[in-house]
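The primary structure of each chain is shown beneath.
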Amino acid sequence: MKPPPLPPKVVSLLPSNTEMVCALGMRSRLIGRSHECDFPPEVRSLPVCTRARLDPEASSAEIDRQVKSASAKRLSLYEIEVPLLRRLQPGVILTQGQCEVCAVSEEDLRAALAREIGWEPSVVALSPKRFTDLWSDLRTVAQALQLPDEGREAIRKLKERVAEVLLRVCQQDHRPTVACIEWMEPLMAAGNWIPEMVELAGGQNLFGQAGEHSPWLDWEPLRAANPEVLLLMPCGFDRARTRKEIALMSDRPGWKNLAAVQARQVFIVDGNAYFNRPGPRLVDSVEMLAEIFFPMAFPKAVYEGKGWERV
């Protein structure tokens, strides 16, 4: 009897996609990654197939200016290493169609591939908008890799963890009001999958709508809402980078009078590794939120110092 055929070789151009492939047990089929794919750590040795035109070390305000300038000029924020893709010859390329600021867009990828002759890899573009899209996206990646059973098992395990969080938080008497900040200068609230995650973890989300892009936010409405918990999760920033720019929040008028500040309920969370990546670690992020909101129900604080810290 012949052994079953191996899944196709894969290039992933988005960190969350890379994490899905590895969650399915297919790290060995990954042959290329984006410049931002860094988890699990062993993927860092893979060839890098993209590069950013943005300066990642610029200030929040300057990054925002660069993004808006590129958008106005209809320029891509990323470059695809087409010669490298030609050499790698993947059977499947995983990209995204959700946000041109986050990674290579499907349109840019297809334009690059159109310049190639005699090579037609399968392009799988994911466009998650809600937390529950994680399940369908995992199924899509599993199907592209011809691994439907592995996909179902990975989803089952992740759902069990979410169910455990729900079981604990449903016993809590108080649901804190929560504001999630996805960018600090200018201010932006977190949308897409974040509002659902806050609700799953037992909080009341104040800004941003589930399934909709993250909205800009004025400071005065935030002050007026006076959230009990304030979460800082700038897109693409780790905790150290957010900590470096914390003055963008703390120097605003009335900061010290916010209920969250006075109760020491302001937290920096690792947006880059967890909340901004619509992959398997969104479940880690739900667990993280729950232990922040309800420390008595989650006394081990598994993620403190790893995914979150108190300001």
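Keep in mind it's a predicted model, so treat the numbers as computed, not measured.

Reading guide: rules and limits
Residues numbered from 1 in each chain as written. Predicted model: local features only at pLDDT ≥ 70, side-chain atom pairs only at ≥ 80, totals over all residues. Heavy atoms only, no water. Helix = DSSP H or I, 4+ residues; strand = E, 2+ residues; numbered from the N terminus. Expected span 1.5 Å × (residues − 1). Buried < 20%, exposed > 50% of the residue type's maximum accessible area, 1.4 Å probe, protein only. Phe/Tyr/Trp six-rings, centres within 6.5 Å; stacked < 30°, edge-to-face > 60°. Lys NZ or Arg CZ within 6 Å of the ring centre and 35° of its normal. Contact = heavy atoms within 4.5 Å. Pairing = 2+ DSSP bridges. Axes fitted to C-alpha atoms, helices over the stretch in contact; angles between N-to-C directions. Arc of directions from axis to C-beta. Core = buried A, V, L, I, M, F, W, Y, C linked by side-chain atoms within 4.5 Å.

A. Broad picture of helix H13 (residues 281-293). Between its first and last C-alpha, H13 extends 18 Å over 13 residues, near the 18 Å set by a 1.5 Å rise per residue. By the criterion of burial, H13 is predominantly enclosed, with 13 of the 13 residues buried.

B. Here's a closer look at the packing of aromatic side chains. Taken as a whole, this structure holds five aromatic pairs when the rule is applied. On the basis of an interplanar angle of 55° and a centroid distance of 5.1 Å, the ring pair of Trp183 and Phe237 is categorised as tilted. In this pair, Trp183 sits in strand E7 (residues 177-184) while Phe237 sits in the loop between strand E10 (229-232) and helix H9 (239-244), placing the two residues 54 residues apart along the sequence. As far as burial versus exposure is concerned, Trp183 and Phe237 are alike and both buried. Above the face of the Phe237 ring, Arg241 is positioned so that its terminal group lies 4.2 Å from the ring centre. Above the face of the Tyr274 ring, Arg281 is positioned so that its terminal group lies 5.1 Å from the ring centre.

C. Summary view of the environment of Trp135. Mapped onto the fold, Trp135 is located in helix H5 (residues 133-144). Once residues within four sequence positions are removed from consideration, Trp135 is found in contact with Ile155, Leu158, Lys159, Val162 and Val283.

D. Geometry of the sheet that holds strand E1 (residues 10-12). Reading across the sheet, the four strands line up as E2-E1-E5-E6 and stay open at both edges, with parallel pairing between neighbours. Where the open sheet ends on each side, the last strands, each with one partner, are strand E2 (30-32) and strand E6 (122-126). Neighbouring strand axes in the sheet, compared pairwise and without regard to direction, differ in orientation by 30° on average.

E. Layout of helix H6 (residues 148-169). Taking 1.5 Å per residue, 22 residues should reach 32 Å; H6 reaches 32 Å between its end C-alpha atoms and fits that length. The complete set of buried residues in H6 reads Gly151, Ala154, Ile155, Leu158, Val162, Val165 and Val169. Along the axis of H6, the buried residues cluster in a sector spanning 95°; they form a single face. Seen from the buried face of H6, the exposed residues on the opposite side, beyond 90 degrees, are Asp149 and Arg152. Where H6 is buried, its residues touch helix H1 (15-23), H5, helix H7 (194-200) and H13.

F. A look at the nonpolar core. Phe131, Ile194, Met197, Leu231, Phe275 and Phe293 are the most contacted members of the largest nonpolar core, which totals 58 residues. If you tally residues by element for this core, the top one is H13, at eight residues. Contact partners of Leu231, with chain neighbours within four places excluded, come to Val178, Ala179, Cys180, Ile181, Phe267, Val269, Leu289, Ile292 and Phe293.

G. Summary view of the side chain of Thr242. Along the chain, Thr242 falls in helix H9. Classification of Thr242 by relative accessible area gives buried; the value is 0%.

H. Quick peek at unusual backbone geometry. Between Phe39 and Pro40 the backbone carries a cis peptide bond, its omega angle lying at -5°. By the element assignment, Pro40 lies in the loop between E2 and strand E3 (50-52). Omega for the bond connecting Glu185 with Pro186 falls within 30 degrees of zero, at 0°, which places this linkage in the cis form. Along the chain, Pro186 turns up in the loop between E7 and strand E8 (187-189). Positive phi outside glycine occurs at Gln146, with the angle close to 60°. Backbone geometry at Asn192 places phi at a positive 55°, although glycine is not the residue there.

I. Here's a closer look at the environment of Thr18. Considering the arrangement of structural elements, one finds Thr18 in helix H1. Measuring from C-alpha to C-alpha, the distance between Thr18 and Leu30 comes to 8.1 Å, with twelve residues separating the pair along the chain. Among all residues touching Thr18, those that are not within four sequence positions of it are Ser12, Leu30, Cys37, Phe39 and Val43.

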